[in-house]
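These are the residues of each chain, in order.
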Amino acid sequence: MLVGKRIVLGVTGGIAAYKAVELCRRLVDAGAHVIPVMTEGAERFVGRATLSALASEPVQTSLWDEVDPIPHTRLGRSADLIVVAPATARLLSAYANGLSTDLLTNILLATRAPVVVCPAMHTEMWEHPAVRANVAALASRGVHIVEPESGRLAGGDIGTGRLAATESIVAAITAALAAGAASTAGELSGTHVVVSAGGTREPIDAVRVIANRSSGKQGYALAAEAALRGARVTLVSTVELPSPAGSEVRAVETAAEMLDALAELAPKADVVIMAAAVADFRPTTVAPGKLKKATGMPEIVLERTPDILAGLGANKPPTQVLVGFAAETSDLVANATSKLQAKNLDLIVANDVSAPGVGFQHETNAVTLLCADGSTIGVGLTDKKAVAKVVMDTVVKILMTKPRQ
Ligand code: C5P
């Protein structure tokens, strides 16, 4: 359950902060990718170096990072889960009241991932009506609370308030991840989702091709997300990335091969997502051998490739959700809207590929989703897995408006 999961570990300023070091270690050992976020108070109890060395990830402490101008939304959106251990009374109060004063509280407000909060404080504080009310408010909003244990506290007092045992926190994290997965798990069961991914390569001669910079990562993330939600997934791909669990991969290279694969698969599919960067032009003829320098400058005449997506749109079954991508360098919304309409799509995912960190070859993306009903959803710079989640959430909603097959 924890393997490959991105877990933000929030550490606040209580004496139990030293136990966050052990928790970090246990999560990393279980295969999680831990991103430690410390408050100013936490830094008085444990050193940054300890947590960053264990997590192999720099500790984040500030909202004002020059390299990453919006760390809270990036970390909040890309996390699979956020755990705060220990959580002080101050953190509980800020979170319960929506107060965003530092990086950790901003992340908590910016996330939709499950949150596990592990309070630790003196018994009198834990029993104070204000703290009880804050804990109750958080629990009622679906925050998982790992109650403190009874035992020896700082200064030698004995009572309730000691941070829960590391095993109990790890068990709560695992349970919260399982519950999150279960809530979307069966959403697409019984459906067939076809995703195209990667850039096509159009041969010039026996060794050369016209290619583009698409890495295929966004398409693979979409396929993985659809499979997680129970769909049967076919990935029509030009790239060799590890195939996502639960997907069948069809390898293609050219626009013509991609067209053939989709012509076969799309008519019966419930969802078709054209995330591939299909070449718009290809050489009219392919030289049989390798073009030689000695023969002089070759003249390469280009012709249009078939617009696969437009063809799918023209023949779209009424039950199907058809999704296109629009990589633009200007007039993002206007260009994407006209493609949405011209190609008879249900949804277009538009990205401004001239912006830093967006689109081709990056691990991250920032997109605007434009739906046929006129609604739009903006997703700021985040990793491609998080974009895939938002796209699949939207696909599921549109699918529910379609007649059943
Ligand atoms: O019109 P434009 O090429 O910008 O539209 C992009 C969308 O169309 C993407 O979803 C891409 O996969 C698809 N496309 C296609 N066939 C082409 C070119 C693009 O299916 N020849």
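Residues numbered from 1 in each chain as written. Predicted model: local features only at pLDDT ≥ 70, side-chain atom pairs only at ≥ 80, totals over all residues. Heavy atoms only, no water.

Draft legend 1. Geometry of the domain arrangement of the chain. What the domain assignment lists for the chain is domain 1 (6-185) and domain 2 (192-401). With both chains or domains summed, domain 1 and domain 2 bury close to 740 Å², and 45% of this area falls on carbon and sulfur atoms. Taken as a group, Arg77, Thr184 and Ala185 account for 52% of the area that domain 1 buries against domain 2, more than any other trio of residues on that side. There are two residue pairs in polar contact (both at pLDDT 80 or more) connecting domain 1 and domain 2. If you list the elements that add at least two residues to the side of domain 1 that touches domain 2, you get helix H3 (71-78) and helix H8 (166-185). Taken together, the residues of the side of domain 1 that touches domain 2 break down into one nonpolar, two polar and four charged. (Domains from an automatic or database assignment. Buried area = accessible area lost by both parts, 1.4 Å probe. Polar contact = N/O pair within 3.5 Å; in protein donor to acceptor, adjacent residues only side chain to side chain. Helix = DSSP H or I, 4+ residues; strand = E, 2+ residues; numbered from the N terminus. Nonpolar A, V, L, I, M, F, W, Y, C, P; charged D, E, K, R; others polar.)

Draft legend 2. The nonpolar core, seen in detail. In terms of nonpolar packing, the biggest core is built from 35 residues, with Leu222, Ile273, Leu347, Leu369, Val391 and Val395 touching the most fellow members. Mapped onto this core, the elements with two or more residues apiece are strand S8 (192-197), helix H9 (217-228), strand S11 (232-237), strand S13 (271-274), strand S16 (321-328), strand S17 (347-352), strand S18 (364-371) and helix H13 (384-401). Broken down by element, this core gets its largest block of residues, nine residues, from H13. In this structure, Leu347 is in contact with Leu322, Val323, Gly324, Leu340, Leu369, Leu370, Cys371, Val391, Thr394, Val395 and Ile398, ignoring residues within four places of it in sequence. Counting residues in each nonpolar core, the second largest holds 34 residues, with Ile7, Val11, Cys118 and Ala120 among its members. (Core = buried A, V, L, I, M, F, W, Y, C linked by side-chain atoms within 4.5 Å. Buried < 20%, exposed > 50% of the residue type's maximum accessible area, 1.4 Å probe, protein only. Contact = heavy atoms within 4.5 Å.)

Draft legend 3. Highlighting the site of the ligand. The environment of the ligand is formed by 14 residues, the closest being Met274, Ala276, Leu309, Phe325 and Lys339. Within the backbone of Met274, an N or O atom sits 2.7 Å from an oxygen atom of the ligand. Within the side chain of Thr305, one N or O atom sits 3.3 Å away from a nitrogen atom of the ligand. For the ligand, the accessible surface in isolation is 450 Å², of which the surrounding protein chains cover 87%. (Near = heavy atom within 4 Å. Areas by Shrake-Rupley, 256 points an atom, 1.4 Å probe, with all protein chains shown as cover.)

Draft legend 4. Spatial organisation of the packing of aromatic side chains. With the rule as written, the count across this model stands at zero aromatic pairs. Here the basic side chain of Arg132 rests over the ring of Trp126, its NZ or CZ set 4.5 Å away from the ring centre. (Phe/Tyr/Trp six-rings, centres within 6.5 Å; stacked < 30°, edge-to-face > 60°. Lys NZ or Arg CZ within 6 Å of the ring centre and 35° of its normal.)

Draft legend 5. Just the pattern of salt bridges, in detail. Summed over all chains, the structure comprises 19 salt bridges. With a closest N to O distance of 2.7 Å, Lys217 and Glu363 form a salt bridge. Taken together, the residues span a long stretch of sequence, with Lys217 in helix H9 and Glu363 in the loop between S17 and S18 at a distance of 146 residues. Judged by its relative accessible area of 28%, Lys217 falls in the partly exposed class. Between Glu248 and Arg250 there is a salt bridge whose closest N-O contact spans 3.9 Å. Salt bridges linked by common partners bring Glu187, Glu225, Arg229 and Asp393 together as one network. (Salt bridge = Lys/Arg side-chain N within 4 Å of Asp/Glu carboxyl O.)

Draft legend 6. Spatial organisation of H3. Of all eight residues that make up H3, six are buried, and the element is covered over most of its length. Within the sequence span of H3, burial applies to Pro71, His72, Thr73, Leu75, Gly76 and Ser78. Those residues of H3 that are buried are in contact with strand S1 (6-11), strand S2 (33-38), helix H5 (103-110), strand S19 (376-383) and H13.

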